[in-house]
Amino acid sequence: MADATDDRLRLLIERIERLEEEKKGIADDIRDVYAEAKAVGYDPKIMRQVVRLRKMKPDDRNEMEMVLDTYKTALGLG
């Protein structure tokens, strides 16, 4: 039984390692796209914010924007 369990664990670990490698490759690709965007004049920092906003549910985004506006008003920024 231990051999089967050991094999299963080894396979799971190897799978995680492969996925981690893929994740690193994808992160490198994303970094390259931001570098390309910067090279043609876009602001990568703003692009990252837009990507983050697009991931949010509309209700969550609206709530965040309302709270942000409240904070900005309280601090005299808006």
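As the structure is a computational prediction, the values presented were derived from the model and not from experiment.

1. Some details on the overall build of the protein chain
And then number 1: Counting secondary structure elements, the protein chain contains three helices and zero strands.
And then number 2: The N-to-C order of helical and strand elements in the protein chain reads α-α-α.
And then number 3: In terms of overall dimensions, the protein chain is more spread out than a globule: its C-alpha atoms have a radius of gyration of 21 Å, far above the 12 Å expected for 78 residues.
And then number 4: Relative to its 78 residues, the protein chain shows a buried fraction of 4%.
And then number 5: Carbon and sulfur atoms make up 58% of the accessible area of the protein chain, which amounts to about 7,300 Å² in all.

2. Section: the packing of helix α1 (residues 2-39) against helix α2 (residues 44-55)
And then number 1: Between α1 and α2, whose axes approach to 9 Å, the crossing angle comes to 130 degrees. For the element pair α1 / α2, the angle class is oblique. Here Tyr34, Ala37 and Lys38 of α1 lie close against α2, whose contacting residues are Pro44, Met47, Arg48 and Val51.
And then number 2: Here the contact of α1 with α2 is built from residues that sort into five nonpolar, no polar and two charged.

3. Quick word on the packing of aromatic side chains
Aromatic ring pairs: the centre-centre distance and the angle between the two ring planes describe each pair.
And then number 1: Here the structure, examined in full by the defined rule, presents zero aromatic pairs.
And then number 2: Of note, arginine 48 hangs over the ring of tyrosine 34, and the distance from its end group to the ring centre comes to 3.9 Å.

4. Some thoughts on the UniProt feature "domain: GapR-like DNA-binding" (unreviewed entry) in the protein chain
And then number 1: Feature annotation in UniProt assigns "domain: GapR-like DNA-binding" (unreviewed entry) to the following positions: residues 6-76.
And then number 2: Structurally, residues 6-76 is divided into 89% helix and 0% strand, and its ends, taken at the C-alpha atoms, are 62 Å apart.

5. What to know about α1
And then number 1: Between its first and last C-alpha atoms α1 spans 55 Å; for 38 residues at 1.5 Å apiece the expected length is 56 Å, and the two agree.
And then number 2: Count one or two residues on from α1 and you reach glycine 41, which has phi positive near 105 degrees.

What counts as what
- Residues numbered from 1 in each chain as written.
- Predicted model: local features only at pLDDT ≥ 70, side-chain atom pairs only at ≥ 80, totals over all residues.
- Heavy atoms only, no water.
- Helix = DSSP H or I, 4+ residues; strand = E, 2+ residues; numbered from the N terminus.
- Rg over C-alpha atoms; globule rule 2.2 N^0.38 Å.
- Buried < 20%, exposed > 50% of the residue type's maximum accessible area, 1.4 Å probe, protein only.
- Areas by Shrake-Rupley, 256 points an atom, 1.4 Å probe, with all protein chains shown as cover.
- Axes fitted to C-alpha atoms, helices over the stretch in contact; angles between N-to-C directions.
- Parallel < 35°, antiparallel > 145°, perpendicular 65-115°, else oblique.
- Contact = heavy atoms within 4.5 Å.
- Nonpolar A, V, L, I, M, F, W, Y, C, P; charged D, E, K, R; others polar.
- Phe/Tyr/Trp six-rings, centres within 6.5 Å; stacked < 30°, edge-to-face > 60°.
- Lys NZ or Arg CZ within 6 Å of the ring centre and 35° of its normal.
- UniProt positions renumbered as here; feature names shortened; annotations may be inferred.
- Expected span 1.5 Å × (residues − 1).

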